[in-house]
Amino acid sequence: MQVQDKDILKKINWLMGVRAILALILLMFSALVQSQGGLVFKIFPAAALYILATLTLIFSLVFAFWSTRTKKPRFFAIVQLIVDVFLITALIWMTGGYDSLLTFLYMLVIINASILLSRKESLLIAAVSAIAFGLLVDFEYYGILPALGEINTPLMDRVDFWSVFFRILATTVACFSVSVLTSFLSVQLRKAREEIRYMGNYVKRMESLATVGEMAAGLAHEIKNPLASLRGSIELLETEVCKDTDSVRLMRIVRREADRLANLVTEFLNFARPDKGNPEPVEVGSMIQESVQILKQSEGSRGRIIYSLFLEPEVWVDADPDRMRQVLWNLLLNAVESIEGEGEIRVSLDVERGKNVRIAIKDTGCGIADSDMASIFAPFYTTKAKGTGLGLSIAVRILEAMGGRLDVKSTPGEGSTFILRMPCLPYSPESCNAGRG
């Protein structure tokens with residue numbers, strides 16, 4: 001289950017608790033009404049309140065049982081909200097129908113939908129609310145629903161048709177207006193939270209690396225010098241001095257391990273002191289195709305990975321080509337290594353609102369556990385047996401130096417999606433000057 005779905009489930013559990021408390025309050029109010037004569041303001045009987053409160057409690061228990069087993073929190077939330085709409089409609093009918101003062105309760109359900117769900121799903125709840133109220137008033141107007149309490153005058157005899165029509169229209173407009181406004185605010189709030197979370201992680205990384213980076217960079221340079229001398233000496237001994245087969249084999253091992261250590265030091269230098277390199281206009285689509293073509297032929301990918309590319313043409317960024325290739329290669333290689341056996345990697349490229357280039361690399365690998373999500377960009381953190389833990393951290397540092405960012409979404413057991421964003425270069429009118437949604 002994704003992190004977002006878990007957040008939805010937490011909010012749904014809170015909503016179920018509030019609903020159960022309100023049902024208990026309604027039951028106590030019903031008992032009080034019955035002790036005072038059986039009618040509330042001579043409008044509706046206390047028995048109707050008992051029935052409604054009991055139904056609310058029953059639904060709360062059913063939903064509580066369902067919540068521990070659901071694998072589709074969004075669908076679960078939609079069902080609950082629709083049930084709430086019909087319970088509120090019943091309450092409005094009991095409190096006067098057309099004359100009820102409780103129609104504002106629809107707005108509370110729509111606000112909950114906007115907080116829990118997407119804009120389209122919130123509009124669905126708004127539509128259900130408007131239809132439910134419209135049917136209630138229509139049924140009351142034409143006498144299909146019986147009047148409760150001591151008010152026995154039919155609505156048709158009290159109110160003209162156009163008053164009923166405009167009341168339904170006003171409620172419908174209010175439902176959809178609340179849905180649109182609260183959905184917009186909810187989306188902005190989610191984006192703000194994501195941005196705050198990203199910036200918080202960024203600040204933590206910068207604080208932890210501010211002093212260590214300088215010291216590590218100097219140390220790495222000092223290590224590379226004796227490594228180069230060591231490698232040169234081994235090569236000289238291997239070619240001119242030693243003829244023994246075992247000794248040659250051992251020297252080759254030393255040379256190989258020296259190369260590996262040198263590569264590790266180079267990677268760490270790139271991590272400790274990233275820079276923009278030599279930026280120039282880069283056409284991203286062709287670079288992605290080139291990297292994928294090379295990776296297809298690699299031993300770890302050939303014959304087991306299917307690549308699907310969805311690339312907009314003529315998308316340009318201002319970046320150092322070598323560093324950009326390094327970032328793409330690290331992300332693609334990370335996707336390949338996350339897949340055991342056969343799988344698929346989908347790469348998409350587009351422009352968000354004419355401002356940011358968006359590259360999404362989605363794999364069908366093992367995914368990332370929730371406990372690892374906060375550490376995947378940390379240096380030397382890896383869950384791979386032979387990994388150095390620097391690939392993703394270097395990619396993030398290079399992107400940040402070039403004004404970009406890297407986000408990740410993952411579901412354990414299903415795969416991960418790494419999303420790279422960089423400012424779009426207004427180099428091609430077709431891709432960067434036209435605002436795409």
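Residue indices begin from 1 for each chain and proceed along its sequence in written order. Where local features are concerned, this predicted model is filtered to residues with pLDDT of at least 70; where side-chain atom pairs are given and counted, the filter is 80 or more; whole-chain, interface and lining totals use all residues. Each side-chain value is worked out from all heavy atoms of the structure, with water and hydrogens disregarded.

(A) Region of interest: the UniProt feature "transmembrane region" (unreviewed entry) in the chain. This chain's UniProt record puts "transmembrane region" (unreviewed entry) on residues 12–33, 39–63, 75–94, 100–117, 124–144 and 164–187. Numbering of helices and strands starts at the N terminus; helices are DSSP runs of H or I of at least 4 residues and strands are runs of E of at least 2. For residues 124–144, the helix share is 86%, the strand share is 0%, and the end-to-end C-alpha distance is 26 Å. UniProt positions are given in the numbering used here, feature names are shortened, and annotations may be inferred rather than shown by experiment.

(B) Representation of the nonpolar core. In plain words, nonpolar cores are sets of buried Ala, Val, Leu, Ile, Met, Phe, Trp, Tyr and Cys residues tied together by side-chain atoms within 4.5 Å. Throughout this description, buried means an accessible area under 20% of the type-specific maximum (1.4 Å probe, protein chains only), exposed means over 50%, and partly exposed covers the range between. Grouped together as the largest cluster of nonpolar side chains are 42 residues, with contacts concentrated most on Ile345, Ile359, Phe418 and Leu420. By definition, residues are in contact when any of their heavy atoms lie within 4.5 Å. If we skip the residues at most four places from it in the chain, leucine 420 touches Met324, Val327, Leu331, Val357, Arg358, Ile359, Leu399, Arg405 and Leu406. Residues Leu81, Met107, Val109 and Cys175 belong to the second largest nonpolar core, which totals 37 residues.

(C) Quick peek at the packing of helix α3 (residues 73–94) against helix α5 (residues 119–141). Structural elements are reduced to axes, namely lines fitted to C-alpha atoms, with helices fitted over the stretch in contact, and the angle between N-to-C directions of any two is expressed from 0 to 180 degrees. Across the interface, α3 lies against α5 with an axial gap of 10 Å and an inter-helix angle of 25°. Between α3 and α5, the angle is such that the two are roughly parallel. Here α3 and α5 pass one another in a crossing that is right-handed. Residues Arg74, Ile78, Leu81, Ile82, Val85, Phe86, Thr89, Ile92 and Trp93 of α3 lie in contact with α5, whose contacting residues are Glu121, Leu124, Ile125, Val128, Ser129, Ala132, Phe133 and Leu136. Under the scheme applied, nonpolar residues are Ala, Val, Leu, Ile, Met, Phe, Trp, Tyr, Cys and Pro; charged residues are Asp, Glu, Lys and Arg; polar residues are all the others, including Gly. Looking at the contact of α3 with α5 residue by residue, the classes come out as 13 nonpolar, two polar and two charged. By definition in this entry, angles of less than 35 degrees are roughly parallel, angles greater than 145 are roughly antiparallel, angles of 65 to 115 are roughly perpendicular, and the rest are oblique. For any pair of crossing helices, the crossing counts as left-handed if the nearer helix is rotated counterclockwise from the farther one by less than a right angle, and right-handed if it is rotated clockwise.

(D) Region of the structure containing unusual backbone geometry. Of note in this structure, glutamate 314 is not a glycine but carries a positive phi near 55°. Within the fold, glutamate 314 resides in the loop between β4 (305–311) and β5 (316–319). Overall, the relative accessible area of 38% leaves glutamate 314 in the partly exposed class.

(E) Spotlight on a positive patch on the surface. Judged by side-chain charge, Arg119, Lys191, Arg353 and Lys355 come together as a positively charged surface patch. With respect to the secondary-structure elements, lysine 355 resides in the loop between β6 (343–352) and β7 (356–363). Put simply, a patch holds well-exposed residues, over 30% relative accessible area, that have no salt bridge, with like charges counted together within 9 Å and Val, Leu, Ile, Met, Phe, Trp or Tyr side chains within 5 Å. To be clear on the numbers: accessible area is Shrake-Rupley with a 1.4 Å probe, and residue cover counts the displayed protein chains and nothing else. Note on definitions: salt bridges are taken to be side-chain nitrogens of Lys or Arg within 4 Å of carboxyl oxygens of Asp or Glu. In this count, Lys and Arg are taken as positive residues and Asp and Glu as negative ones, while His and the chain termini are left out. To locate a charge, take NZ of a lysine, CZ of an arginine, CG of an aspartate or CD of a glutamate.

(F) Quick peek at α3. One less than the number of residues in a helix, times 1.5 Å, gives the span that helix is expected to have. With 22 residues, α3 should reach 32 Å at 1.5 Å per residue; the first-to-last C-alpha distance of 32 Å fits that figure. One or two residues past the end of α3 sits glycine 96, with phi positive at roughly 120°.

(G) Here's a closer look at the packing of α3 against helix α4 (residues 105–116). Interhelical geometry of α3 versus α4 gives an angle of 175° and a closest axis separation of 9 Å. Our classification of the angle between α3 and α4 gives roughly antiparallel. Across from Ala77, Leu81, Asp84, Val85, Ile88, Thr89, Leu91 and Ile92 in α3, the residues of α4 making contact are Leu105, Tyr106, Val109, Asn112, Ala113 and Leu116. Its residues placed into classes, the contact of α3 with α4 shows 11 nonpolar, two polar and one charged.

(H) A look at a nonpolar patch on the surface. Together, Ile131, Leu135, Phe139, Tyr142, Ile144, Met156, Phe161, Trp162, Phe165, Phe166, Leu169 and Val173 give the surface a local cluster of nonpolar side chains, amounting to about 1200 Å² of exposed area. Listed by contribution, the elements that provide at least two residues to the nonpolar patch are α5 and α7 (161–241). Top element by residues in the nonpolar patch is α7. It accounts for six residues. On the secondary structure map, methionine 156 appears in helix α6 (residues 155–158).

(I) The sheet that holds strand β8 (residues 405–411), seen in detail. If you walk across this open sheet you meet the five strands as β4-β6-β7-β9-β8, and the pairing is mixed. Taken across any chain shown, the strands that pair with only one partner, and hence form the sheet edges, are β4 and β8. Averaged over all pairs of adjacent strands, the angle between their axes in this sheet comes to 15°, without regard to strand direction. For two strands to pair, DSSP has to find at least two bridges joining them. As paired strands, β6 and β7 are joined by eight bridges and run antiparallel to one another. Within β7, the position partnered with valine 351 by the bridge is valine 357. Sitting on the sheet, helix α9 (residues 284–296) touches β4, β6 and β7, and the angle it makes with β4 is about 175°.

(J) Structural detail: the pattern of salt bridges. As enumerated under the stated definition, the model contains eight salt bridges in all. Between glutamate 344 and arginine 346 there is a salt bridge, and its shortest N-O distance comes to 3.6 Å. Overall, the relative accessible area of 38% leaves arginine 346 in the partly exposed class. The residue aspartate 407 makes a salt bridge to arginine 421 at a minimum N-O spacing of 3.2 Å. With aspartate 407 in strand β8 and arginine 421 in strand β9 (residues 415–423), this residue pair connects regions lying 14 residues apart in the sequence.

(K) Up close: the pairing of β8. Burial analysis of β8 places six of its seven residues in the buried class, the great majority of the element. Judged from the seven bridges that link them, β8 and β9 form a sheet pairing that is antiparallel. Each residue of the ladder has a partner; that of leucine 406, found in β9, is leucine 420. In this structure, the hairpin formed by β8 and β9 is closed by a connection of three residues, where glycine 413 is found at a positive phi of approximately 85°.

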